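Observations on chain architecture
As a plain string of letters, each chain reads:
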Amino acid sequence: MENYGIIGWPLGHTMSPTLHNWGFGRHGIDADYTAWPVAPEALSRFMDRVRAQPISGLSVTIPHKRTVIPFLDRLTRRAETVGAVNTLYWDGDALCGENTDVLGLVAPLKALDRPFSSAIVLGAGGAARAALAGFRELGIPRIAVANRTRAKATSLADEFGAECMDWDARMEAEWGLVCNTTPLGMSGDLAGETPWDGRRFHPDAVAYDIVYNPLETRFLREADAAGCATVSGLEMFLHQGLAQFRLWTGHDLDEDGARNLLLDALKA
Ligand code: ATR
């Protein structure tokens, strides 16, 4: 049996085992996907195990997406651009790092099949990096980043050749795509919050939320009420997972089946 899994700390609840174990079953692959909580100080030892066992493929989440890179033999160009990986796979004897967060982020926008003349990324953490790299891959001509702590937005904007908007001025221009990468709206203490004034959505815009729990955040609800198209964070999660499965097994998972599986998992 082949072993796959996800590392992170604290790992909390993750839907990745549900998705990948379902996929292995559907494709008759003798493999198991496990959630491995790995503390930062245990990462080096775990990476020895990845090579010794060997572990066939790994999902990587916070806080290891950057710190795992020195343990790898090679990065894809995309992973290099983002400066972070969420997927490890083998190419022969070489342990490689890819970033399917970018692919996952971009896939639902490609499916909308419409051009974007501008985009603003709200937040300047790891998810914002994936968004900036993805929007660049899409060829969006005007990309901006706005963050509560301006210094972080400035350095990210420099790195990705984007504009830096003042957090307080973020709603003053008209954006074709507004992407929330902050935790505002996430279930828990921030559930009722939003990074955007609902009255300031332009109806031609697309609102994209990285948050997927709840499925419909206040940000998306207000965007929808203003007539905007919306993309939920579940789509990004789904597509980053589909891309991982393809990289590891060469198989395409049934997209609708996988989406329904995740929707059921979220409801439970
Ligand atoms: P991730 O890696 O998931 O993107 P992160 O690195 O913790 O997470 O980044 C979270 C982002 O959300 C940060 O840009 C953070 O802003 P600061 O740099 O000012 O901390 C932003 N964020 C978090 N809470 C926020 C809030 N209440 N209002 C506005 N922005 C917030």
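As a reminder, the structure under discussion sits directly above these lines.
Residues numbered from 1 in each chain as written. Predicted model: local features only at pLDDT ≥ 70, side-chain atom pairs only at ≥ 80, totals over all residues. Heavy atoms only, no water.

With that settled, the discussion passes to the overall build of the chain. A tally of helices and strands in the chain yields 9 helices and 12 strands. The C-alpha atoms of the chain give 18 Å as radius of gyration, which agrees with the globular expectation for 268 residues (18 Å, within 12%). In terms of principal-axis extent, the alpha carbons of the chain reach across some 55 × 35 × 35 Å. Residues classed as buried in the chain amount to 51% of the 268 residues present. Across the chain, contacts joining residues at least 24 apart in sequence account for 64% of those joining residues at least 6 apart. Per element, the accessible surface of the chain, about 12,200 Å² overall, is 48% carbon and sulfur. Here the chain contributes 25 positively and 34 negatively charged side chains, and the mean placements of these two sets differ by 3 Å. (Helix = DSSP H or I, 4+ residues; strand = E, 2+ residues; numbered from the N terminus. Rg over C-alpha atoms; globule rule 2.2 N^0.38 Å. Buried < 20%, exposed > 50% of the residue type's maximum accessible area, 1.4 Å probe, protein only. Contact = heavy atoms within 4.5 Å. Areas by Shrake-Rupley, 256 points an atom, 1.4 Å probe, with all protein chains shown as cover. Lys, Arg positive; Asp, Glu negative; His and termini not counted. Charge placed at Lys NZ, Arg CZ, Asp CG, Glu CD.)

Applying the stated criterion across every chain, the model contains 15 salt bridges. A salt bridge links E98 to R78; the shortest N-O distance between them is 2.9 Å. Of this pair, E98 sits in strand β6 (residues 94-98) while R78 sits in helix α3 (residues 77-82), and the two are 20 residues apart along the sequence. (Salt bridge = Lys/Arg side-chain N within 4 Å of Asp/Glu carboxyl O.)

Let us now look at the pairing of strand β11 (residues 206-209). In β11, alternate side chains face the same way, and those of V206 and Y208 on one face and A207 and D209 on the other are all buried. Here 4 bridges tie strand β10 (residues 177-180) to β11, and the two strands are oriented parallel to one another. When the bridges of β11 are listed, C179 appears paired with Y208. Handedness of the β-α-β unit built from β11, helix α7 (residues 218-225) and strand β12 (residues 229-231) comes out right-handed. (Pairing = 2+ DSSP bridges. Right-handed = clockwise from strand over helix to strand, strands pointing away.)

To continue, consider the site of the ligand. Near the ligand you find 14 residues, and of these A124, N147, R148, T149 and K152 are the closest. In the environment of the ligand, an oxygen atom lies 2.8 Å from a nitrogen or oxygen atom belonging to the backbone of A124. With respect to the ligand, the side chain of R148 contributes an N or O atom lying 2.9 Å from an oxygen atom. Along the lines of polarity and charge, the residues of the shell around the ligand split into 6 nonpolar, 6 polar and 2 charged. (Near = heavy atom within 4 Å. Polar contact = N/O pair within 3.5 Å; in protein donor to acceptor, adjacent residues only side chain to side chain. Nonpolar A, V, L, I, M, F, W, Y, C, P; charged D, E, K, R; others polar.)

We now examine the state of the cysteines. Inspection of every chain in the model, using the stated rule, returns 0 disulfides. Free cysteine: C179, not disulfide-bonded; nearest cysteine sulfur from C228 at 14 Å. By relative accessible area, C179 is classed as buried at 0%. (Disulfide = S-S within 2.5 Å.)

At a closest axis distance of 10 Å, the pairing of helix α1 (residues 16-26) and helix α9 (residues 255-267) adopts a crossing angle of 140°. Taken as axis vectors, α1 and α9 run oblique relative to one another. Relative to α9, α1 is oriented so that their crossing is right-handed. Across from T18, L19 and W22 in α1, the residues of α9 making contact are G257, A258, L261 and L262. Taken together, the residues of the contact of α1 with α9 break down into 5 nonpolar, 2 polar and no charged. (Axes fitted to C-alpha atoms, helices over the stretch in contact; angles between N-to-C directions. Parallel < 35°, antiparallel > 145°, perpendicular 65-115°, else oblique. Left-handed = near helix turned anticlockwise from the far one by under 90°.)

Without other data, these values stay purely geometric and don't point to any function.
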